[in-house]
Amino acid sequence: MRSMARGKRKPLAGTLARVEGLLTGLYGSRYNPVHHSGPLVSVLLLVLLATGLYLLLFYRIGTPYESTAAITNQVWGGRWIRSLHRFASDAAVVAIVVHALKMFLQGRSWGPRALAWVSGGVLLFVFLVCGWTGYVLVWDVQAQVLAIEGARVLDVMPILSEPLSRTFVGEGELPRAFFFMNLFLHVALPMALGLLLWLHVGRLSRPKLMPPRSVSWSLVGLLTFAAIVWPVTIAPEADLFRLPERAPYDFFFSFWIPIARVLPPAGVWIVVGAVALAMLLVPLLTRPPRDRRPLPAVVDERLCTGCEQCARDCPYEAITMIERTDGRAALVARVDSSLCVSCGICAGSCAPMVVGPPDRTGRDQLAGVKRFVADRQPGPRDVVIIGCTSGAGGVGAFERFNDALVMPIRCAGSLHTSVVEYLVRAGAGGVMVVSCPAADCRNREGAQWLEARLFHEREAELQARVDRRRVRWVEAGAGERSTVMRGLKDFRQSLPGAAYPDGEIDLLALCERAPDEVAP
Amino acid sequence: MKLRLRHLVGTLVAVAGVFIMAALTRVPWDVGETHAFVRLSWRTPGEFVEECRRPSAEELAALPVHMRREEICEGRMISYRLRVAIDGRAVIDESVRAAGAREDRPLYVYRDLPVSPGDHEILVRWDPERPAGARRVDGRSTPGGRGAVDGLAITATVRLEPREIALVTYDRNLRRFILRGAGT
């Protein structure tokens, strides 16, 4: 079952990568909306809050339909604000689903990320319920269909003393309490959303809650434009003694209606239960087999200098600095394996190369590049591509790409800059590091830290002695091979003629020495 | 030029995406219902009855002295029989039990009976299924009205258009069935 889940993910992941590549072509990786699908939900929640507060001023639970009609037709800007409220809620559903799909297809839903996955699923469910209450508040024919079907489904729950459906049979006026309860839920559930959002990002350092400002404003502008040009109208009022012939149907919030109408209520609950169970099982089903599961990072405490850079750079708050117990003054890094996703970013951030997942620490990387140089012998005319296997246009899977030698790495953010220096000093004409786009790094901040280490002297920086003209950083998502090709072409054209002379390289000299190593 | 074209295409794609989403929020949906409906919906208080018997001398002897009684009574809420006929044809004949895990709640009925549009004669009966020899305990009817109902019936003719609903319900002030809604 697990292998089936993984097998079916691959082609879908390829499709997603191609779509992302197309959107990057149109908007650039920084403004690609799919890269910001998660943070966009926050923007949309803010829009919903602002527009919802305005609508709340004019809504009356005693006259739900009449007051909504007045908002739509009489209140200044009411029609547009109501439309914006609805479009923002629909866009939020789209953004949540795209975000969840992306996490699922990229295998970012298991291990320490399981909490984010499950809380995200609950968040979507609560959001859909919140939308249901919002639609019912209008009390038009669409609300009638949603209310009746919803009540029919809820009535099989053994917690209700009286069938909820009887509220809508027309025995009497619909009680105000019904609309009060709906309004209360419609206002209270977003607070639950806030709590869930906090839980959702609780395991992240520096959670990115907002996309770039231009992306946020573009989205709000587009939705406002649609609200003005094509505002929503109000359907005929609900009539409990007549079923509507036609009703408007919101695909994003009413998708379950056709299923609910053909299935008995218990069947609907079985479907809901099956979907919920599948969502809960995703972290288990997408988890790699034990022998292929990446191991959490470890620290060689003997050599750790206590510089704290790994704790600063870890995007998952998996590293803390604690007091040493061996009498030395400095702190020492400690990895919480239950939080570590084995991204390896700490390996790139550690100047003395003493932290990182087993076989992927800076020292392991140096040993690897030494083997690479011995095997492939890059010359002054060669460019070596260090390609992230998660993205980088998929070039990480090749041995050569457009006559360049390829050295794959699991996450470019985990690359130790000494590897780049080693390659340059070993005589390679140039080193091109291809990472995922910074806005779409699978390990959140890998590309960002990599760029800072290569060109902005962030700790574990590429040494000043390395000719920067021979080093290039290119961002490319999994579906952006052409970006790699263009980047490679540009790089080749800009490369200076002379390379470093070949010669023996002192591996140890490439890493900052830990105090124990310096001591006699 | 190429960049401008890309921006233009990007803007068009974004606008198209938002308008497709806006269209999906109001898909005209044919509810697909051509029937009319006779709806039965009411809540009536149930009737509490006791069935008593005299214990045998052996039974009495087995009980502690303070628990010996002349009569042992067991009480329960009785069920009601719902019978519905439309145009002379019986469509429902079933027993309805009081709600709740201990069957101590009122009795609820909620049914939608599809009928073809046009004139229909409806007969609804609601009768207690009191066991022979059981004794009604008036002070213990369930909540939901002023005491248990003895038996209710209604006969009516309705004229219904497609998707219209005629409602048969219980008026607890009049203590009888009434007909409401379309075609009445």
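Residues numbered from 1 in each chain as written. Chains lettered and ligands numbered in written order. Predicted model: local features only at pLDDT ≥ 70, side-chain atom pairs only at ≥ 80, totals over all residues. Heavy atoms only, no water.

Observations regarding the overall build of chain B
A tally of helices and strands in chain B yields 2 helices and 12 strands. When the helices and strands of chain B are read in sequence order from the N terminus, they spell out α-β-β-β-α-β-β-β-β-β-β-β-β-β. Since a compact globule built from 184 residues should have a radius of gyration of about 16 Å, the 29 Å found for chain B marks it as more spread out than a globular shape. When its C-alpha atoms are laid out on the principal axes, chain B stretches across 110 × 50 × 30 Å. A total of 184 residues make up chain B; the buried ones form 38% of that total. Considering only contacts in chain B between residues 6 or more positions apart, those separated by 24 or more positions represent 71%. As displayed, chain B offers around 10500 Å² of accessible surface, 51% of which is attributable to carbon and sulfur atoms. Across chain B, the centroid of the 30 positively charged side chains sits 9 Å from that of the 25 negatively charged ones. (Helix = DSSP H or I, 4+ residues; strand = E, 2+ residues; numbered from the N terminus. Rg over C-alpha atoms; globule rule 2.2 N^0.38 Å. Buried < 20%, exposed > 50% of the residue type's maximum accessible area, 1.4 Å probe, protein only. Contact = heavy atoms within 4.5 Å. Areas by Shrake-Rupley, 256 points an atom, 1.4 Å probe, with all protein chains shown as cover. Lys, Arg positive; Asp, Glu negative; His and termini not counted. Charge placed at Lys NZ, Arg CZ, Asp CG, Glu CD.)

A look at the sheet that holds strand S12 (residues 176-181) of chain B
Residues and elements named next belong to chain B. Strands sit in the order S7-S2-S11-S12 across an open sheet of 4 strands; the sheet is mixed. Every other strand in the sheet has two partners, leaving strand S7 (107-115) and S12 as the edge strands with one partner each. Adjacent strand axes in the sheet meet at a mean angle of 15° when their direction is disregarded. Relative to strand S11 (residues 165-171), strand S2 (residues 36-44) runs parallel, the two being bridged by 4 bridges. (Pairing = 2+ DSSP bridges. Axes fitted to C-alpha atoms, helices over the stretch in contact; angles between N-to-C directions.)

As for the packing of helix H4 (residues 78-105) of chain A against helix H8 (residues 213-229) of chain A
All names here are of chain A. It is at 8 Å that the axes of H4 and H8 come closest, and there the two elements cross at 130°. By the angle between their directions, the pair H4 and H8 is classed as oblique. Pair H4 / H8 crosses with right-handed handedness. Counting all contacts with H4, which are made through Trp80, Ser83, Leu84, Phe87, Ala88 and Ala91, the residues of H8 involved are Leu223, Thr224, Ala226, Ala227 and Ile228. (Parallel < 35°, antiparallel > 145°, perpendicular 65-115°, else oblique. Left-handed = near helix turned anticlockwise from the far one by under 90°.)

A look at the interface of chain B and chain A
Contact residues are listed per partner, giving 40 residues for chain B and 42 residues for chain A. When the buried surface of chain B facing chain A is broken down by residue, Arg26(B), Trp29(B) and Arg163(B) rank first, second and third, together holding 20% of it. At the junction of chain B with chain A, the criterion picks out 2 salt bridges. Between Glu245(A) and Arg163(B) there is a salt bridge, and its shortest N-O distance comes to 3.6 Å. Elements represented by at least two residues in the side of chain B that touches chain A include exactly helix H1 (2-24), strand S1 (27-30), S2, S7, S11 and S12 of chain B. At 12 residues, H1(B) tops the list of elements feeding residues into the side of chain B that touches chain A. Across 4 bridges, strand S1 (residues 246-249) of chain A lies against S1(B) in antiparallel orientation. Note that in S1(B) the partner of Tyr249(A) across the bridge is Val27(B). (Buried area = accessible area lost by both parts, 1.4 Å probe. Salt bridge = Lys/Arg side-chain N within 4 Å of Asp/Glu carboxyl O.)

Section: unusual backbone geometry
All names here are of chain A. The phi dihedral of glutamate 317 falls on the positive side, at around 50°, and the residue is not glycine. Among the secondary structure elements, glutamate 317 is positioned in the loop between helix H11 (309-313) and strand S3 (319-323). You will see that aspartate 403, though not glycine, has its phi angle at about 70°, which is positive. Summarising the element assignment, aspartate 403 is placed in the loop between strand S7 (400-401) and strand S8 (404-409).

Description of the pattern of salt bridges
All names here are of chain B. Taken as a whole and judged by the stated rule, the model has 31 salt bridges over all chains. In this structure, glutamate 59 and arginine 53 form a salt bridge, with 3.3 Å as the shortest nitrogen-oxygen distance. On the basis of relative accessible area, arginine 53 is assigned to the partly exposed category, the value being 42%. When the shortest N-O distance is used, the salt bridge between arginine 159 and aspartate 119 registers 2.7 Å. Within this pair, whereas arginine 159 is found in strand S10 (residues 152-160), its partner aspartate 119 is found in strand S8 (residues 118-128), the two being separated by 40 residues in sequence. The network of salt bridges with common partners includes Arg81, Arg83, Asp93, Arg125, Asp127 and Glu129.

A few points about the packing of helix H5 (residues 114-138) of chain A against helix H6 (residues 141-154) of chain A
All names here are of chain A. Axis separation between H5 and H6 bottoms out at 7 Å; the angle between their running directions is 130°. With respect to H6, the axis of H5 lies oblique. As H5 runs across H6, the sense of the crossing is left-handed. Across the interface between the two elements, Trp132, Tyr135 and Val136 from H5 touch Gln142, Ala143, Leu146, Ala147 and Gly150 from H6. Along the lines of polarity and charge, the residues of the contact of H5 with H6 split into 6 nonpolar, 2 polar and no charged. (Nonpolar A, V, L, I, M, F, W, Y, C, P; charged D, E, K, R; others polar.)

Comments concerning the environment of His35(A)
Residues and elements named next belong to chain A. Note that histidine 35 resides in the loop between helix H1 (2-27) and helix H2 (37-58). Considering only alpha carbons, one finds histidine 35 and methionine 191, 156 residues apart in sequence, at a separation of 26 Å. The contacts of histidine 35, once residues within four sequence positions are left out, are Glu20, Thr24, Ser29, Lys102, Pro437, Ala439 and Asp440. Reaching out from histidine 35, the side chain makes a polar contact with the backbone oxygen of serine 29 at a distance of 3.1 Å. (Polar contact = N/O pair within 3.5 Å; in protein donor to acceptor, adjacent residues only side chain to side chain.)

What about the confidence of the model for chain B?
Looking at chain B as a whole, the pLDDT averages 88, with 93% of positions reaching at least 70. Both scores are given for the predicted complex: the pTM is 0.87, the ipTM 0.86. (pLDDT = per-residue confidence, 0-100.)

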